[in-house]
Each structure stands twice: as C-alpha cells, then as structure tokens.
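Observations on the three-dimensional arrangement
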Amino acid sequence: MQEMIARLKIMDSRGLISSDQIRSWREAQVKPAAVFLRKASGRNDIAPYNCQEFAEVKEKISHQEINQVLKKAIRKSHINLLLNAARTHRIIALEADITNVPVELLISKFIELLHSDHASSVFLHASAAHYMLHVQKDALEITEVFAPEELPSRYILELHNDTGLQSIEDDSYEIHCCASASIPHGKHIGGLRLECRNAENNTHLKLTVECASYCTDEDLFQCRMHTACELQSYLIATLSELG
C-alpha cells in the first residue's frame, strides 16, 4: 500500500494534499457515519470502526436493507437539494501525478476495475460516507453523503454528458471524460470532468467537480477532501491491478 501511495501525488491550487491529510480526514468520517447508520437501522451491532472495518460491515448489509434504512434520509436530502437548486456551481479542481504508468494503460485498467466485481467494494472502502454504487453501461448510480448535505443522497452520473456543466474542456489534455449529475427523475445538481495526459511515460490528470453554489467555504473544503479520498482510493486500486 505504501508503495502505491508513493507512486501518486494529489494536489490542488494550494499545493500537495498529503496522504496523511487524506487518511486523517477519512478516519474522522467513520464515527458520525457509523452512529447515523446505527440509529437509522436500529442495529446495535454497528459501532464506530476504522474505515476498512466499517466498509466491511456495510458490505454485509444487503442493498434491499440499505435502501429501506436510507429511504427517509434520502427523501429529506433530495427535498433540500431541489429547494436549493441553483444555476451556478462552485468548482473543485484536483490534479494527480502517477509515476511509471502511461495514461492509456491507467485508463483502460480503471475502466476494467469500474466494471468488475470489485467496484462496489472499492467504492465502500473509499469513504465512510459511501453506501451504494450501481454501475451501468453509460451511468453510475451513487448513494453517498456529499457536502453540503448532511444526509445520504442518491444521484445518477450520466457519463459522456456535459449537460449543465460550467467547466470548460482543457485542450492541453489528451483524454476527456465528463458526467452530468442529477437526482433520479429530478433536477441536475452538478457533475464532473476528468482529463488526462501523458507526461514522459507518467500520467497527469485533472478532476473538476461542480457543486451547488450554496456550498459554504467549509462545505467546499469537505467536498475537496471527500474527492481527494475517492481519487486516491481509485488510483491505488487501479495501480494494484497493474501490479
């Protein structure tokens, strides 16, 4: 694991986001997430764990049970999202360098991972705020807590769709992927743009995430760290597949 972490760097406009920062933030999310799930489910066996143990607990809960447990919370969260729907977005931009992996190989392995039997497990281990992932041909259905919402939300990421996105494609990158996010059968709420290029047999990528304009600066910081955790987890899982 340490070798994999050493092969990648994640940064934003303010500089490097260290692996220690990411690990500390990830672990700090476990207790509130575990307490919420215990209260929502009525299961006394759910107690604060570390992120890995908590992910393993959630893996043992059926999707049917998770759906039932989160039903009311998701409804409340979606009402708030609809009430606060905005035309403008606040933007998070993260970049990453991955050494000794050409971009084409990294992307192909990531796509394989996303469509593999391991995708849901990687998703759950990436953050204590993650609950469910359904991978479809051209869309991802995600259930997670993502600032500024304090409760789980469910949304669809429509891949290769830039509807409503306000970020602009950067021509200096060779590979481009975008996704528009919306509540199921509801309004557009944001999206993302992933761009990659080769840099002397290494990969450099940029991930731009568009959030609701009513995000406070603190919300935006939480979104930034949440996204950094996800990015690190998926890159490490992809590197592990490469060996």
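In this report, the structure presented in the accompanying data block is examined. (Residues numbered from 1 in each chain as written. Predicted model: local features only at pLDDT ≥ 70, side-chain atom pairs only at ≥ 80, totals over all residues. Heavy atoms only, no water.)

**A look at the pairing of strand β5 (residues 139-144)**
Formally: The cut-offs for exposure are 20% and 50% of the maximum accessible area for each residue type, with area from a 1.4 Å probe on protein chains only; residues under the lower value are buried, those over the upper are exposed, and the others partly exposed. Helix and strand definitions here come from DSSP, where helices need a minimum of 4 consecutive H or I residues and strands a minimum of 2 consecutive E residues; each element is numbered from the N-terminal end. When DSSP finds two or more bridges between a pair of strands, those strands are recorded as paired.
Across the six residues that make up β5, a large majority, six, are buried. Across five bridges, the pairing between strand β4 (residues 130-135) and β5 is antiparallel. By the bridge assignment, L133 is partnered in β5 with I142. Taking the residues between adjacent antiparallel strands as the criterion, β4 and β5 are bridged by three residues.

**Let's talk about the nonpolar core**
A general tendency of soluble globular proteins is for nonpolar side chains to be buried together. This is how it is decided: Nonpolar cores were defined as sets of buried Ala, Val, Leu, Ile, Met, Phe, Trp, Tyr and Cys residues, with membership established by side-chain atoms within 4.5 Å. For this analysis, residues touch if any pair of their heavy atoms sits within 4.5 Å.
Judged by nonpolar contacts, the single largest core of 30 residues is most densely connected at I10, I98, L205, L231 and L235. Put simply, the parts of the chain that give this core at least two residues each are β1 (8-12), α2 (19-28), β3 (89-98), α6 (103-114), β9 (202-212) and α8 (217-242). Among the elements that make up this core, the one with the highest residue count is α8 (nine residues). Residue contacts for L205: discarding those within four places in its chain leaves L94, E95, A96, I98, L106, Y173, L194, E195, C196, L231 and L235. By size, the runner-up hydrophobic cluster in this structure holds 18 residues, among which are A34, V57, L70 and M132.

**A closer look at the packing of aromatic side chains**
Stated formally: When two rings of Phe, Tyr or Trp (its six-membered ring) have centres within 6.5 Å they constitute a pair, described as stacked for plane angles under 30 degrees, edge-to-face for angles over 60, and tilted for the intermediate range.
One pass over the structure, following the stated rule, counts three aromatic pairs. Ring centres 6.5 Å apart and planes at 75° place the aromatic pair F36 and Y131 in the edge-to-face group. In this pair, F36 is assigned in helix α3 (residues 30-41) and Y131 in strand β4, connecting sequence segments 95 residues apart. By relative accessible area, which is 22% here, F36 ends up partly exposed. Pairing F110 with Y234 gives two aromatic rings, centres 5.9 Å apart and planes at 80°, and the pair type is edge-to-face. Taken together, the residues span a long stretch of sequence, with F110 in helix α6 and Y234 in helix α8 at a distance of 124 residues. For F110, a relative accessible area of 26% puts it in the partly exposed group.

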